[in-house]
Amino acid sequence: MTEKIYTKEEWIKALSGLKSFYNIFVPVRDGDFHTFKALDEKKIPDFNFQNTRLSPKSLVYPQSERIFAYTLDEDTPDANIIKESEKDYSPKAVVGIRPCDAHAFQIVRPNFDNPEYQDPWWIQRYESTTLVGLGCNAPGSTCFCTSVGGGPFSEKGLDALLYDLGDTFLIKALTEKGEAFLENAQGGKEADDAALKAGEDLAAKAANKIEQKISIDKLKDKVQTELFDAPFWDDVAFACINCGTCTYLCPTCWCFDIQDEVLEKQGDRIRNWDSCMFPLFTLHGSGHNPRAKKVQRVRQRFMHKLKYYVDKYNNGVQCSGCGRCVRNCPANIDIREVCELMNRL
Amino acid sequence: MGIEPGRLHFSWISSAEATKYVDVAREVAKEVKALGPAKHFIKKRAEVA
Amino acid sequence: MLEYVEKIRKTAGKLFEEDKVDVFIGYKKGSLPMMNQPVLISNADQVDLLHWDSNCGLNLCNYLTKRTDRIGIVANGCNSRNIVTHITENQISRDQLYIVGIPCKGMIDHRAVQRAVKQKEILAIEEQGNTFTVKGKDFEDTFNKNDYLQRNCLVCTHRNPVIFDEMVAPPVEEQIEVDTYKDVKQIEGMDPEKKWNFFTRIIDKCIRCYACRNACPLCYCPTCFVDESNPQWVGKSSDPIDTMTFHILRAYHCAGRCTDCGACERVCPVGIPMRQFTKKLNKDAQELFSWEAGLTLDQRPLLDVFQPDDYNDFIR
Ligand code: SF4
Ligand code: SF4
Ligand code: SF4
Ligand code: SF4
Ligand code: SF4
């Protein structure tokens, strides 16, 4: 696979050139935090960031998307016929995605794309997207990717990986998609052994910088009902305000709700992110709510991520260790602590 | 919040005051009509992906 | 601050020993700097969990709604005003509560501190009275607390609890001559078009996670209007008009009730200054009705009383 080296100026230039092949998304400083935005003349990519506040999952799985549309106008021949909405599946590249967030796409994939069910919109968006990662030279204090099967230079889920060597970027293609991306990129030169060695050293050093180690080894063997009935849930849940912060920011949360919106004769069927933290999430048409209480909802979030997913997919936990929920939970509910409690029970 | 003056009215009407409700509703409708169509805060087709 | 912590722990311990409360609600030190966590303890052995410093920005009154036990709770100025509101709105009764009053010198604006250290990662914070020091991997900075107060605390005129059974310390001096509504006046001066653009811009990052609503003790409706599906009042997508509807209506539902505790603004994951909505209503309540929320148990809430001879002509 191709391995190239770019000076930082060359790299920005290469990205501009790549715009004719891809819609390029890069981290951009937006007020107090970073967000992935489409690269254009006005946006300055900023690769000097910890991670984006919101995860890049929305690029493959938008917060709200129109899936079908219909008309109720009886005068038209296609009245009441539900039609799939057009979507933009043109090639996209996310440049600078952190390894945990790329790993997250791998974690959610079995939900959207498995032998039984295929979500056409997720799959087509995912397949049209090239993920060009940026290794983390200085992981944050809330990062725990190494505990959940990833790492600051993990290649999982990535098509190519960038190493920030100071004045230069080393970039390695990892898949066919990544290979095509590099083929389209102008400039740069073949990486020499020194650069490759520097990259390896960087990766080894970064992994050692992660102090956070959480244990997930015993989760698989636990009995679901015992964890469910564990004595600690009331304490864990007390402070939670049941907002959508943790789940909306999380790259591995995938739940959605489907809503019809009708305006005069125009009908739209829209899929929106939903959150297990909201009471409405489980409200039945009958009025009954099996998770009416806060503690039940908090338990569901952790049980799903750290037990049900583990049992169902045999693919580790449903968490890539990005630390977003830890940093941004207004009530300081910390998944690292809850995971320890569950693993230790 | 940018909703023009005259579009928003507050009144205290008890559930027993049907006639007052009708009067107020008529009055408000008249005033809002006089303002013409609103420019903002109109629900259109959802702006979503 | 440390004296406060000692006193809170002692008081909580005493309350359990004398069997005056079943549970005690306070804060514990969080797992991250500038992030304390509300905690509920149920016996004297747990009192050492209790903590107090300038990072206790969540409103504890939020955790009282419809509880049926006897509760000890710490409350600073704004939290105590929300407790008053909770009592007058029948969400909790006065005799269930033992309120440990905290004279407050304001909460630290964690976003402003992050900005001051250029978004570098803060690993520890330490308070020394009127200053505090933040430390990261390769930096250490000391700031004056008063320069980094939450925006609501900067203009707070009720730092001392308005209701309490016991105080942890003598009252602090109240801030006087603060121009509480300077920002609101500026917005009031805009024409409708400008106002619309202003409010559209401040909420444009909103992801409708509802942390602002859920952090607010006023928002205790069993089903919020945004969650209601029969009838459905608001669309649930990320459509900007639906988002605006949420913000405008949330603010109206807080009219005459908001204590400007700042919890809503503090918790927003994307930093939306949604107090700009509620503050206008607070200002109107004060100017038109001389009303500030939650100051006394002896008056019914502002929008809960009606006089046929009201002097204001917009109420007929
Ligand atoms: S855990 Fe935190 S972020 Fe998640 S719902 Fe509870 S309070 Fe909100
Ligand atoms: S659960 Fe938290 S740490 Fe894990 S992937 Fe989601 S946001 Fe990141
Ligand atoms: S608003 Fe007043 S009482 Fe509340 S935290 Fe700020 S300074 Fe303290
Ligand atoms: S907390 Fe912020 S992002 Fe969440 S709903 Fe409120 S304003 Fe929107
Ligand atoms: S609206 Fe905000 S400032 Fe007002 S009481 Fe609620 S949380 Fe506090």
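Residues numbered from 1 in each chain as written. Chains lettered and ligands numbered in written order. Predicted model: local features only at pLDDT ≥ 70, side-chain atom pairs only at ≥ 80, totals over all residues. Heavy atoms only, no water.

Novice: Sorry if this is basic, but what is going on with the overall build of chain A here?
Specialist: For chain A, the count of helices and strands is 11 helices and 12 strands. The C-alpha atoms of chain A give a radius of gyration of 22 Å, which matches the 20 Å a tight globule of 345 residues would have. Seen through its C-alpha atoms, chain A measures out along the principal axes to roughly 65 × 65 × 40 Å. The burial tally for chain A puts 56% of its 345 residues in the buried class. Within chain A, contacts between residues separated by at least 24 positions form 72% of all contacts whose residues are at least 6 apart in sequence. With the model as given, the accessible surface of chain A reaches about 15,000 Å², and the carbon-plus-sulfur share is 51%. (Helix = DSSP H or I, 4+ residues; strand = E, 2+ residues; numbered from the N terminus. Rg over C-alpha atoms; globule rule 2.2 N^0.38 Å. Buried < 20%, exposed > 50% of the residue type's maximum accessible area, 1.4 Å probe, protein only. Contact = heavy atoms within 4.5 Å. Areas by Shrake-Rupley, 256 points an atom, 1.4 Å probe, with all protein chains shown as cover.)

Novice: Explanation requested: the pattern of salt bridges in the structure shown.
Specialist: Pairing between side chains of opposite charge can happen when their charged atoms approach one another. Residues and elements named next belong to chain C. Taken as a whole and assessed by the stated rule, the structure comprises 45 salt bridges over all chains. With a shortest N-O distance of 2.8 Å, Lys280 and Glu188 are connected by a salt bridge. Taken together, the positions of Lys280 in helix H10 (residues 275-289) and Glu188 in helix H5 (residues 182-188) put the pair 92 residues apart, joining distant regions of the chain. For Glu188, a relative accessible area of 27% translates into the label partly exposed. (Salt bridge = Lys/Arg side-chain N within 4 Å of Asp/Glu carboxyl O.)

Novice: Sorry if this is basic, but what is going on with the side chain of His158 of chain C here?
Specialist: Residues and elements named next belong to chain C. Mapped onto the elements of the fold, His158 is located in the loop between helix H4 (151-154) and strand S9 (166-167). Judged by its relative accessible area of 16%, His158 is buried. In terms of polar contacts, His158 uses its side chain to reach the side chain of Glu292, at 3.1 Å. (Polar contact = N/O pair within 3.5 Å; in protein donor to acceptor, adjacent residues only side chain to side chain.)

Novice: Hey, could you run me through helix H6 (residues 192-202) of chain C in this one?
Specialist: Given 3.6 residues per turn, any residue in an α-helix points the same way as the ones three and four places further on. All names here are of chain C. Turning to H6, its buried residues number three or more, namely Trp196, Phe198, Phe199 and Ile202. Buried residues in H6, looked at end-on, bunch into an arc of 160 degrees, giving them a common side. In H6, the exposed residues that point more than 90 degrees away from the buried face are Lys194 and Arg201. Residues of H6 that are buried in the fold lie against H5, helix H8 (240-253) and H10. (Arc of directions from axis to C-beta.)

Novice: What exactly am I supposed to notice about the side chain of Asn214 of chain C here?
Specialist: With respect to the helices and strands, the residue Asn214 of chain C is situated in helix H7 (residues 211-215). For Asn214 of chain C, a relative accessible area of 13% corresponds to the buried category. A distance of 2.9 Å separates a polar side-chain atom of Asn214 of chain C from the backbone oxygen of Ile241 of chain A.

Novice: Sorry if this is basic, but what is going on with the packing of helix H9 (residues 294-313) of chain A against helix H11 (residues 335-344) of chain A here?
Specialist: A pair of packed helices can be characterised by two numbers: the angle between their axes and the separation between those axes. Residue and element names in this part refer to chain A. Between H9 and H11, whose axes approach to 11 Å, the crossing angle comes to 65 degrees. Handedness of the H9/H11 crossing: right-handed. In this structure, H9 contributes Arg301, Phe302, Met303, Lys305, Leu306 and Lys307 to the contact, and H11 contributes Ile335, Val338, Cys339 and Met342. The residue makeup of the contact of H9 with H11, split by class, is 7 nonpolar, no polar and 3 charged. (Axes fitted to C-alpha atoms, helices over the stretch in contact; angles between N-to-C directions. Left-handed = near helix turned anticlockwise from the far one by under 90°. Nonpolar A, V, L, I, M, F, W, Y, C, P; charged D, E, K, R; others polar.)

Novice: Just checking my understanding: could you explain the site of ligand 2 for this structure?
Specialist: Taken together, 13 residues form the shell around ligand 2, and within it Cys250, Cys319, Cys322, Gly323 and Cys325 of chain A come nearest. Across the shell around ligand 2, the residue classes tally to 7 nonpolar, 4 polar and 2 charged. (Near = heavy atom within 4 Å.)

Novice: Can you walk me through the packing of aromatic side chains in this structure?
Specialist: Centre-to-centre distance and the angle between the planes together describe a pair of aromatic rings. The tally for this structure, following the rule as stated, stands at 28 aromatic pairs over all chains. Here Phe41 of chain B and Trp196 of chain C contribute two aromatic rings whose centre-to-centre distance is 5.8 Å and whose plane-to-plane angle is 55 degrees, an arrangement assigned as tilted. With Phe41 of chain B in the segment after helix H1 (18-35) and Trp196 of chain C in helix H6, the pair connects residues from two separate chains. Take Trp196 of chain C: its relative accessible area is 8%, and that puts it in the buried class. Taking 4.9 Å as the distance between ring centres and 70 degrees as the angle between the ring planes, the aromatic pair formed by Tyr210 of chain C and Phe246 of chain C counts as edge-to-face. Linking Tyr210 of chain C in the loop between H6 and H7 with Phe246 of chain C in helix H8, this pair joins segments that are 36 residues apart in sequence. Each member of the pair Tyr210 of chain C and Phe246 of chain C is classed as buried. By way of ring pairs, the aromatic residues Tyr61, Phe105, Phe112, Trp122, Tyr126, Tyr248, Trp273 and Phe278 of chain A together with Tyr210 and Phe246 of chain C are connected into one cluster. (Phe/Tyr/Trp six-rings, centres within 6.5 Å; stacked < 30°, edge-to-face > 60°.)

Novice: Honestly, the site of ligand 3 in this entry has me stumped. Any pointers?
Specialist: Residues and elements named next belong to chain C. Around ligand 3, a shell composed of Asn76, Gly77, Cys78, Cys104, Gly106, Met107, Asn152, Cys153, Cys156, His158 and Arg159 is seen. Every element with two or more residues in the shell around ligand 3 is listed here: helix H2 (77-88) and H4. Broken down by class, the residue content of the shell around ligand 3 amounts to 5 nonpolar, 5 polar and 1 charged.

Novice: Whenever I open this one, the interface of chain C and chain A confuses me. Can you help?
Specialist: The accessible area lost on association of the parts is a frequent measure of interface size. The interface of chain C with chain A comprises 37 residues on the first partner and 42 residues on the second. Note on chain C versus chain A: buried area summed over both sides is about 3,200 Å², and carbon and sulfur give 53% of it. Considering only the surface of chain C that becomes buried against chain A, Leu32, Glu121 and Ile207 of chain C emerge as the three largest contributors, covering 17% of it. There are 3 salt bridges connecting chain C and chain A. Asp32 of chain A serves as the salt-bridge partner of Arg115 of chain C, at 2.8 Å between the closest nitrogen and oxygen. (Buried area = accessible area lost by both parts, 1.4 Å probe.)

Novice: It is not clear to me how the domain arrangement of chain A should be interpreted in this structure. Could you clarify?
Specialist: Residues and elements named next belong to chain A. Segmentation of chain A into domains returns domain 1 (3-209) and domain 2 (224-344). Between domain 1 and domain 2, the C-alpha centre-to-centre distance is 25 Å. Taken together, the contact pairs 41 residues of domain 1 with 39 residues of domain 2. In total, about 3,400 Å² of surface goes out of reach between domain 1 and domain 2, with carbon and sulfur atoms giving 54% of it. Its largest share of buried area at the contact with domain 2, domain 1 owes to Lys57, Tyr70 and Ile107, together 19% of the area lost on that side. There are 4 salt bridges connecting domain 1 and domain 2. Asp101 serves as the salt-bridge partner of Arg324, at 2.8 Å between the closest nitrogen and oxygen. Connecting domain 1 to domain 2 are 26 residue pairs in polar contact (both at pLDDT 80 or more). (Domains from an automatic or database assignment.)

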